[in-house]
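Reading the structure
So you can see what is in the structure, the chains are spelled out below.
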Protein chains: 2
Amino acid sequence: MTKKITLGASQLMSVNFYSSAWTDRRNDTKSFATLAYWQEMARVLEAAHFDFLFFADVIGFPSDENGIPAAAIREAVQTPAHDPVTIVSGLAATVDKLNFVVTSSTTAERPFMLARRFGTLDHLTEGRIGWNIVNSDNQTALVKLLGLGEVTEHDTRYDRADEFVDAVTKLWEGSWEDDAVVFDQAGHTFADPEKVHSIAHHGRFFDVEGIFTVVPGPQRTPTLFQAGASSRGREFAARTAECVYMQEATVEAAQTTIRDVRERAARFGRRPDDIKILNGVSIVVADTEEEAASIRADLAAAPSTEALAMHFLGWTGINLLALDASKPLSQRSEFGHSTLDRYEDGPTVGEIIDGLRSSLGGLKITGTPESVAQQMIDMVEQTDLDGFLIEPNFGGPEEYRVFGEKVVPLLIERGFIDEQTEPTTLRQRLFGGSDGHINDRHRGAEFRVSQ
Amino acid sequence: MTKKITLGASQLMSVNFYSSAWTDRRNDTKSFATLAYWQEMARVLEAAHFDFLFFADVIGFPSDENGIPAAAIREAVQTPAHDPVTIVSGLAATVDKLNFVVTSSTTAERPFMLARRFGTLDHLTEGRIGWNIVNSDNQTALVKLLGLGEVTEHDTRYDRADEFVDAVTKLWEGSWEDDAVVFDQAGHTFADPEKVHSIAHHGRFFDVEGIFTVVPGPQRTPTLFQAGASSRGREFAARTAECVYMQEATVEAAQTTIRDVRERAARFGRRPDDIKILNGVSIVVADTEEEAASIRADLAAAPSTEALAMHFLGWTGINLLALDASKPLSQRSEFGHSTLDRYEDGPTVGEIIDGLRSSLGGLKITGTPESVAQQMIDMVEQTDLDGFLIEPNFGGPEEYRVFGEKVVPLLIERGFIDEQTEPTTLRQRLFGGSDGHINDRHRGAEFRVSQ
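All of the points below concern the structure found in this document.

Thresholds, definitions, all that
Every chain's residues receive numbers from 1 upward, in the order its sequence appears when written. Here chains are named by letter from A upward and ligands by number from 1 upward, in the order in which they appear as written. Local features in a predicted model are, by the rule used here, given only for residues with pLDDT of at least 70; side-chain atom pairs are given and counted only at 80 or more, and totals for whole chains, interfaces and linings are based on all residues. The side-chain values count all of the structure's non-hydrogen atoms but skip hydrogen atoms and water molecules. By definition in these notes, contact holds between two residues if any of their heavy atoms fall within 4.5 Å. For any pair of parts, buried area is found by adding up, for both, the accessible area (1.4 Å probe) each one loses once the two are put together. Salt bridges are defined by distance alone: a side-chain nitrogen of Lys or Arg within 4 Å of a carboxyl oxygen of Asp or Glu. Any N or O atom pair separated by 3.5 Å or less is treated as a polar contact, with the protein-specific requirement of one donor-capable and one acceptor-capable atom, and with residues adjacent in sequence counted only for side-chain atom pairs. Lys, Arg, Asp and Glu make up the charged group, whereas Ala, Val, Leu, Ile, Met, Phe, Trp, Tyr, Cys and Pro make up the nonpolar group; the residues left over, Gly among them, are polar. For every residue, the accessible area (1.4 Å probe, protein chains only) is compared with the maximum for its type, and the residue is labelled buried under 20%, exposed over 50%, or partly exposed between those bounds. Each helix is a run of DSSP H or I of at least 4 residues and each strand a run of E of at least 2, with the numbering of both proceeding from the N terminus. Here, strands pair whenever DSSP counts at least two bridges between them. With the strands aimed away from the viewer, a crossover counts as right-handed if its path from the first strand over the helix to the second runs clockwise. Both site types are read off a 1 Å grid over the protein atoms alone. A 1.4 Å probe that fits but cannot get out defines a cavity, while an open set with protein on both sides within 12 Å along at least five of seven lines defines a pocket; lining residues have an atom within 4 Å of a point. Grid points are joined across faces, edges and corners, and a volume is the space filled by probe spheres set on the points. Here a helix's expected span is defined as the number of its residues, less one, multiplied by 1.5 Å. The arc in question is traced by the directions running from the helix axis to the C-beta atoms. Copies are brought into register by a least-squares superposition over C-alpha atoms of residues with pLDDT of at least 70 in both. Two rings from Phe, Tyr or Trp (for Trp, the six-membered ring) form a pair when their centres sit within 6.5 Å of each other. Planes less than 30 degrees apart are called stacked, planes more than 60 degrees apart edge-to-face, and all others tilted. Side-chain atoms within 4.5 Å are what join buried Ala, Val, Leu, Ile, Met, Phe, Trp, Tyr and Cys residues into a set we call a nonpolar core.

**Concerning the interface of chain A and chain B**
Contact with chain A, which involves 76 residues of that partner, is made by 76 residues of chain B. On the chain A side of the contact with chain B, R110, R116 and H188 of chain A bury the most area, a combined 11% of that side's loss. Across the chain A-chain B interface, the total number found is 8 salt bridges. The interface formed by chain A and chain B includes 39 residue pairs in polar contact (both at pLDDT 80 or more). Its residues assigned to classes, the side of chain A that touches chain B comprises 39 nonpolar, 22 polar and 15 charged.

**Describing helix α5 (residues 139-146) of chain A**
Counting buried positions over the 8 residues of α5 of chain A gives 6, a clear majority of the element. Buried within α5 of chain A are the following residues: Q139, A141, L142, V143, L145 and L146 of chain A. Its buried side turned inward, α5 of chain A meets α6 (154-174) of chain A together with α4 (111-124) and β8 (207-210) of chain B. At the exit of α5 of chain A stands G147 of chain A, carrying a positive phi of roughly 65 degrees.

**Here we look at the side chain of T86 of chain A**
As for its position among the elements, T86 of chain A is in the loop between α2 (70-74) and α3 (88-92). Engagement of the side chain of T86 of chain A in a polar contact is seen with the backbone oxygen of D83 of chain A, the distance being 2.7 Å. When neighbours within four sequence positions are excluded, T86 of chain A is seen to be in contact with S89, R117, T120, L121 and L124 of chain B.

**What to know about the pairing of strand β11 (residues 276-285) of chain A**
Residues and elements named next belong to chain A. Most of β11 sits out of view: 10 of its 10 residues are buried. Where burial is concerned, the two faces of β11 agree: the one with K276, L278, G280, S282 and V284 and the one with I277, N279, V281, I283 and V285 are both buried. Strand direction decides the pairing type here: strand β10 (residues 243-246) and β11, joined by 4 bridges, are parallel. Note on β11: the bridge partner recorded for Y245 is L278. A crossover connection joins β10 to the parallel β11 through helix α8 (residues 251-267); in handedness this β-α-β unit is right-handed. Bridge count for β11 against strand β13 (residues 387-390) is 4 bridges, and the pairing is parallel. Residue V281 lies in a different strand from β13, and its bridge partner there is I390. Note that β11 and strand β12 (residues 363-367) share 5 bridges and pair parallel. Bridge pairing in β12 links I283 to I365.

**Some thoughts on empty space enclosed by the protein**
Residue and element names in this part refer to chain B. The tally for this structure, following the rule as stated, stands at 8 cavities of 30 Å³ or more. When its volume is computed, the largest cavity comes out at roughly 100 Å³. Considering the residues around the largest cavity, the lining is formed by 16 residues, among which V15, N16, F17, P392 and G395 are closest to the centre. Tallied by class, the residues present in the lining of the largest cavity amount to 9 nonpolar, 7 polar and no charged.

**Looking at helix α9 (residues 289-301) of chain B**
All names here are of chain B. For α9, with 13 residues, the first-to-last C-alpha span of 18 Å sits near the 18 Å given by 1.5 Å per residue. Within the sequence span of α9, burial applies to A292, I295, R296 and L299. Each buried residue of α9 lies within a common arc of 100 degrees when the element is viewed along its axis, so the set occupies one face. Residues of α9 that are exposed and point over 90 degrees away from its buried face: E290 and A301. On its buried side, α9 packs onto β11 (276-285) and β12 (363-367).

**Quick word on the relation of the copies chain A and chain B**
The pair of chain copies shares a relation made of a rotation about an axis and a shift along it. When chain A is fitted to chain B, the best match, at an RMSD of 0.0 Å, comes from turning it 180 degrees and sliding it 0.0 Å along the axis. The transformation relating the two chain copies, once decomposed into turn and shift, fits a two-fold axis. Relative to the rotation axis, the C-alpha of G90 of chain A is the closest in chain A, positioned 1.8 Å from it. A shared binding surface is used by both copies, with 100% of the interface residues of chain A retained as interface residues in chain B.

**Regarding the packing of aromatic side chains**
Residues and elements named next belong to chain A. Within this structure, the stated rule accounts for 32 aromatic pairs over all chains. The interplanar angle of 40 degrees and the centroid separation of 6.0 Å between the aromatic rings of F118 and W131 together place this pair among those described as tilted. Pair noted here: F118 is in helix α4 (residues 111-124) and W131 is in strand β4 (residues 129-134), with a separation of 13 residues, a long-range link. A residue is classified by how much of its surface remains accessible, and W131, at 0% relative accessible area, is buried. An aromatic cluster is defined as three or more aromatic residues linked by ring pairs; in this entry it consists of F118, W131, F164, W172, F205 and F206.

**Description of the nonpolar core**
Core analysis: the biggest nonpolar cluster contains 269 residues, and F388 of chain A together with F388 of chain B have the highest contact counts within it. Beyond its immediate chain neighbours, meaning those up to four positions away, F388 of chain A contacts I5, T6, L7, G8, L278, N279, V281, L363, M376, M379 and V380 of chain A. Membership of the second largest hydrophobic core comes to 10 residues, among which are F54, V101, F225 and Y245 of chain B.

**Some points on unusual backbone geometry**
Cis peptide bonds are those with omega within 30 degrees of zero, and the linkage from T79 of chain A to P80 of chain A qualifies with -5 degrees. As for its position among the elements, P80 of chain A is in the loop between α2 and α3. Despite not being glycine, A76 of chain A has its phi angle at roughly 55 degrees, a positive value. Here A76 of chain A shows up in the loop between α2 and α3. Assessed through its relative accessible area of 1%, A76 of chain A is described here as buried. Of note, the phi angle at R220 of chain B is positive, near 60 degrees, even though the residue is not glycine. Note that R220 of chain B resides in the loop between β8 and β9 (223-226). With relative accessibility at 4%, the residue R220 of chain B sits in the buried group.

The structure is reproduced here in structure tokens:
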């Protein structure tokens, strides 16, 4: 049987995603703040048989000791970023098969409030919801916006995320038995009190005690996504994630990461196919190779040095614009951020900017529809990859429409994508199964009260 | 000119609102967790010319030292309660004139996160959003669910709410100038950095520093609602609220409260018509007086003693079911909750239950369509009231449909309700004006960067 390719669209509720491509005439993100903009996006993605629309998120903004540099505001780098959790029901009201994955931060949110929000959305979307678990970048700005005091060290943030996941899965899995709700009007019994249980989580970072105030939805636990690239991040993903979003730029790098994630998962008692591993990709498709190459060249030329430096600032806390471009950088230990792992030998500021310019967005696929489809298939077959998160180039629904019209029919024809005809939960869409619940090997299963 | 009556529908994302009326055959809240249920509600309310759909909220649940009593689960008292902020965009996608007011808690939320959420919703709804500011009931359960340590004393909760409102209005009003966004693609300038300002709030309860990451929506600050009944609560409302939700049961009580709120507001430099004062009401309408009276009698008989006691537990932390029903209660000073103000002379448990049974839901209007319309008009004319929040009886859209078909046409005919033909912001719908912004006398106006 041909391996199916999982397809997601990676978006941010902003005018911009990476770089400066929003300044291109092909961009149409000006109305990104409106519901109509995202309704159009959802319709395009559903028509193109995407499995889900994925919302990245940024709580803070690029910031150094003087706050946000002017360049970040001017070029809209990682800001504005509106709250994606608020738009899901609007899109669920618009399309009935597309799924939605929303990023929420274990640094910014409280476990009970997040569990309640996603629990409610599981009902409103009829199970079409996933949670992308992040600790958040832009920590310098974030801790000031939220009044958290100090930046938490990188690996400790993952310890907190681990505990956060325990707390929320206890609420989702451990409070209401499957048959607790009886809605017996004559007997004055909405739910059987014997089948609704208080959970108690008392840990290093969080205390959560009480019953869950949301009745179980189709999935109980939303489908869990994660995108950490560091060693600690992968360990977390291997234990927790049902979908891993990686951003490797080559077949070799993808092979290595996929093998590593699946091996780590096996040590937690999970099977290789318990995790869908998806790679971020920029796809440029045109009727001729020449036209596609020309668009790719435009994209490569788009990012200004200022915009690239602001992205780097958001990820690392280091403002390259304030440093001497010819001198080497060796500040890794001060920041402990995985993005700097690549630079531990001390590249210069100029080298970092050049590196960002060529690597931003990770994998790139460019060509005619036939060529793009074949490159996608090759990548999947050579790396054990499960699918792609297609990232914006210029921004707006139009580029997904083109991909959907030109490339998707070829992938359907070759059996790599199924046309979905019936709505289902996100988890069943990705993994099949007779219900929408986490499987028995997932870390959340130990907290179940209903078997 | 005839005074217009403002109309809201007060709802909770739950199977139940007050009492046990959900057990009646006329109830249709079984699918309260679904989007389709609320879409139908929104369509009914828009067709009936309601100004807004108001979502109350409960974070915790009735709780004593042993957690939630079985009776609260069985009778669905104040639980389940799903997260209403998640459904707004789904309803904004469904109807285009109805407005939405969502309760969010200054105890449970962080100012920046709440500001971001409502700022995003202001765009998605095109200005049709209000925030009902609460400190939250059910504090015993809430602090355990959120890991907050201790219950904050009643008046201190209002001090915190005051500071919370300062912090969020600084973000909404004080960060982006009106013309900051230029979207100049050729000039690589999304926004003019000179016109985007960091705000800094450093207070007793909150620290918030940085730019706001949401561009200004049609209202900037969502229309502000508040419902506190205590003296401190009214002082907060008089300074902060644009709409006050009170629950007085008689003309005399309403007159007193309305006068008090308007006098307090004047001391903050606000005008009487800067605040819409709305009263909660249970309306029963039928074709004959006899039929209406019969329905009212069914409603009065519906609440079980257990359900009433559980409501009281949620509001006060006192579990009447665990006390001797014949002995007087004098625990007011231990709890400091306004609901107990009425009982400071020490009523017995039985007297409290009886009192709740007759007073639950506050004002009641019962009769034929003509009679109901006239009673509403009388109440407005005798008390200087601005309108009503119509609360559920049995629950579900049907009772609003009946009210919309039988009573609203009479109110339109007499000039008390306008048929709205064009979408507008919530603030303009309630107060008119050339833009959707807070007026110059509101406490948030001092934080403005754009005039």
